[in-house]
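Descriptive analysis of the structure
Here is what each chain is made of, one letter per residue.
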Amino acid sequence: MKKIIVIPGDGIGKEITDSAVAVLKKVDAKFKIGLEFEYRDAGGAAYDKFGEPLPAETLDACKKADAVLFGAVGGPKWDNIEVSKRPEKALFGIRKGLGLYGNLRPVKIYAPLIDGSPLKPNLVTGVDLLIVRELVGGIYFGERCESEIVDGVERAWDTEIYSVPEIERIVKLAFESAQKRRKKVTSVDKANVLASSRLWRRVVNEIAKNYPDVELNHLYVDNCAMQLAVNPAQFDVIVTSNMFGDILSDEAAVISGSIGLLPSASIGELTSFYEPIHGSAPDIAGKNIANPMGTIASAAMLLRYSLNEEKAAQAIEAAIDKTLEDGYRTPDLFKEGCKKISTTEATEIICERI
Ligand code: IPM
Ligand code: MG
């Protein structure tokens, strides 16, 4: 049996993970994978029960599992609690605890939704890119100071540190991903200013020698942000640091016009972790209107990367495509002439197409 830990979290987390589990059960029945599911708490839900956003038992269970399926954490209810107990801390604890060094965020355009993009249709046609973001290093985890007084002036600081092995493993992941795609890697840095970026670029060039079949280019992050807006179809795999990847992945996501559809995988040393890229959307929680497709697509990535079940992964992806082609839309994507569906209806319709 393959054990999947499911962490619904907060807000719409329960509804969307329920959907993804229903779809996984459907593919399991068809492809005979042998999946078993266990539920754990994290985020605000865990804080309310245990006083901790990430109970040690949750992290332990994740370490022993074959994969983790995650909904979302956070909400206004926990906005005013102490920083160390905030729901988002659960995410950092899991990233660090599972050594989730590589965050894969694929962005593709679903043809029936092309008008939903803020960019002109001719610019987004054919966009199919993968952001490979380093997830456990850089400025997110470097030493910082919240406040100190120097010469009578208050200041604060953060540090960006990257070591050669940290860069090597994320860059290898990017090149290996590119080999399975269109064989192009764009490495993004700020090497005209930052020492950590100059090391990054040097390591990327070294690693690239082992992948002669993959084309490599380098872009400064400011230029990359611009290129994503003017010619996003030029990209195949983008590899970058934690902070730049955070920023560029939101930009790339929104050009698809459908942030509710996008999945992610965080590749770990032991267990890997799968979550939609949108948040917990507390304003629509419990109303059965959230779009579960990002979480369902994350479940497809789980099958692909953690369980090596490529056919089952493709069956899920094809069922999502077909549902959209057939004109079904959750309220976030609804337009005149389409058929409006709830979270649970979307789940049933996708299951029928598997
Ligand atoms: C993301 C999110 C997180 C991050 C936040 C919630 C801390 O924006 O996963 O991209 O910055 O990593
Ligand atoms: Mg982000």
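Above this text you will find the structure in question.
The notes below deal with the structure included here. Source: prediction; values computed, not measured.

When you go through the chain residue by residue, the secondary structure sums to twelve helices and 14 strands. Taken over the C-alpha trace, the chain has a radius of gyration of 20 Å; the compact-globule value for 354 residues is 20 Å, and the two agree within 12%. With the principal axes as the frame, the chain shows a C-alpha extent of 60 × 50 × 40 Å. Here the chain holds 354 residues, and 53% of them are scored as buried. Summarising the internal contacts of the chain: among those between residues at least 6 apart in sequence, 75% fall at separations of at least 24.

The subject of this paragraph is the pairing of strand β10 (residues 237–240). Here β10 shows two buried faces, one formed by Val237 and Val239 and the other by Ile238 and Thr240. Pairing analysis gives four bridges linking strand β5 (residues 128–134) to β10, with the strands arranged parallel. Note on β10: the bridge partner recorded for Val132 is Val239. One ladder, built from four bridges, connects strand β8 (residues 184–189) with β10; its direction is parallel. Each bridged residue has a counterpart across the sheet, and for Val185 the counterpart in β10 is Val237.

Turning our eyes to something else, we now look at the site of ligand 1. Close to ligand 1 lie Phe92, Arg95, Arg105, Arg133, Tyr140 and Asp246. Take Tyr140: an N or O atom from its side chain is 2.5 Å from an oxygen atom of ligand 1. More than half of the atoms belonging to ligand 1 lie within 2 Å of the grid points that define the second largest pocket.

Now for the nonpolar core. For soluble globular proteins, the rule of thumb is that nonpolar side chains tend to be buried together. Leu24, Val132, Leu303, Ile316 and Ile320 are the most contacted members of the largest nonpolar core, which has 61 residues in total. For this core, the element with the most residues is helix α10 (residues 293–305), which contributes eight residues. Listed in part, the 22 residues of the second largest apolar core include Ile114, Phe235, Phe244 and Ala252.

To continue, consider empty space enclosed by the protein. This model, assessed by the stated rule, comprises one cavity of 30 Å³ or more. Each pocket or cavity is described by its volume, and for the largest cavity that value is around 50 Å³. Around the largest cavity, the lining residues are Glu160, Tyr162, Val188, Asp189, Ser196, Ser197, Trp200, Thr240, Ser241 and Phe244. Mapped onto the lining of the largest cavity, the elements with two or more residues apiece are β8 and α7 (195–208). When residues in the lining of the largest cavity are grouped by element, the largest group, three residues, is from α7.

Following the criterion strictly, the structure yields five aromatic pairs and no others. On the basis of an interplanar angle of 70° and a centroid distance of 5.9 Å, the ring pair of Phe92 and Tyr140 is categorised as edge-to-face. One end of the pair, Phe92, is in helix α4 (residues 88–97); the other, Tyr140, is in the loop between β5 and β6 (144–150), and 48 residues separate them in sequence. You can call Phe92 partly exposed: its relative accessible area is 28%. Taking 6.1 Å as the distance between ring centres and 85° as the angle between the ring planes, the aromatic pair formed by Phe92 and Phe141 counts as edge-to-face. Remark: Phe141 occurs in the loop between β5 and β6 and Phe92 occurs in helix α4; sequence separation between them is 49 residues. Residue Phe141 is classed as partly exposed on the basis of its relative accessible area, which comes to 27%. Three or more aromatic residues joined by ring pairs make a cluster, and in this case those are Phe92, Tyr140 and Phe141. The ring of Phe141 has Lys96 lying over it, and the distance from NZ or CZ to the ring centre is 4.5 Å. Geometry around Tyr328 places Lys339 over its ring, the cationic atom sitting 4.6 Å from the centre.

Here Val237 is to be found in strand β10. On the accessibility criterion, Val237 (0% relative accessible area) is buried. Residues Val237 and Pro106, 131 residues apart in the sequence, show an inter-C-alpha distance of 8.9 Å. Setting aside residues up to four positions removed in sequence, Val237 forms contacts with Leu130, Val132, Ala174, Ser177, Ala178, Arg181, Lys184, Val185 and Thr186.

So, how was this worked out
Counting from 1, residues in each chain are numbered in the order their sequence is written. Chains and ligands are labelled by the order in which they are written, letters from A for the one and numbers from 1 for the other. Predicted model: local features are reported for residues with pLDDT of at least 70 only, side-chain atom pairs are reported and counted for 80 or more only, and whole-chain, interface and lining totals are derived from all residues. Hydrogen atoms and water are omitted, and side-chain values are computed over all heavy atoms in the structure. Each helix is a run of H or I in the DSSP string that is no shorter than four residues. Each strand is a run of E no shorter than two, and both are numbered from the N terminus. Atoms counted for the radius of gyration: C-alpha only. Globule rule: 2.2 Å times residue count to the power 0.38. Under the scheme applied here, a residue whose accessible area is under 20% of the maximum for its type counts as buried, over 50% as exposed, and between as partly exposed, the area being computed with a 1.4 Å probe on protein chains only. Contacts were defined at the residue level, with two residues in contact if any of their heavy atoms lie within 4.5 Å. Following DSSP output, two strands are said to pair if at least two bridges run between them. Proximity criterion: a residue is near a molecule or strand once any of its heavy atoms comes within 4 Å of it. Think of a polar contact as two N or O atoms within 3.5 Å of one another; within protein, one of them needs to be a possible hydrogen donor and the other a possible acceptor, and neighboring residues in sequence only count if both atoms come from side chains. Points on a 1 Å grid, built from protein atoms alone, make a cavity when a 1.4 Å probe fits but cannot get out and make a pocket when they are open with protein on both sides within 12 Å along at least 5 of 7 lines; residues with an atom within 4 Å of a point are the lining residues. Molecules are considered to sit inside a cavity or pocket once more than half of their atoms lie within 2 Å of its grid points. Buried Ala, Val, Leu, Ile, Met, Phe, Trp, Tyr and Cys residues that are joined via side-chain atoms within 4.5 Å together make up what is termed a nonpolar core. Grid points are joined across faces, edges and corners, and a volume is the space filled by probe spheres set on the points. Two rings from Phe, Tyr or Trp (for Trp, the six-membered ring) form a pair when their centres are within 6.5 Å of each other. A pair whose planes differ by under 30 degrees is stacked, one over 60 is edge-to-face, and the rest are tilted. Only when the NZ of Lys or the CZ of Arg is both within 6 Å of the ring centre and within 35 degrees of the ring normal is a charge said to sit over the ring.

All we've got here are geometric facts, nothing functional implied.
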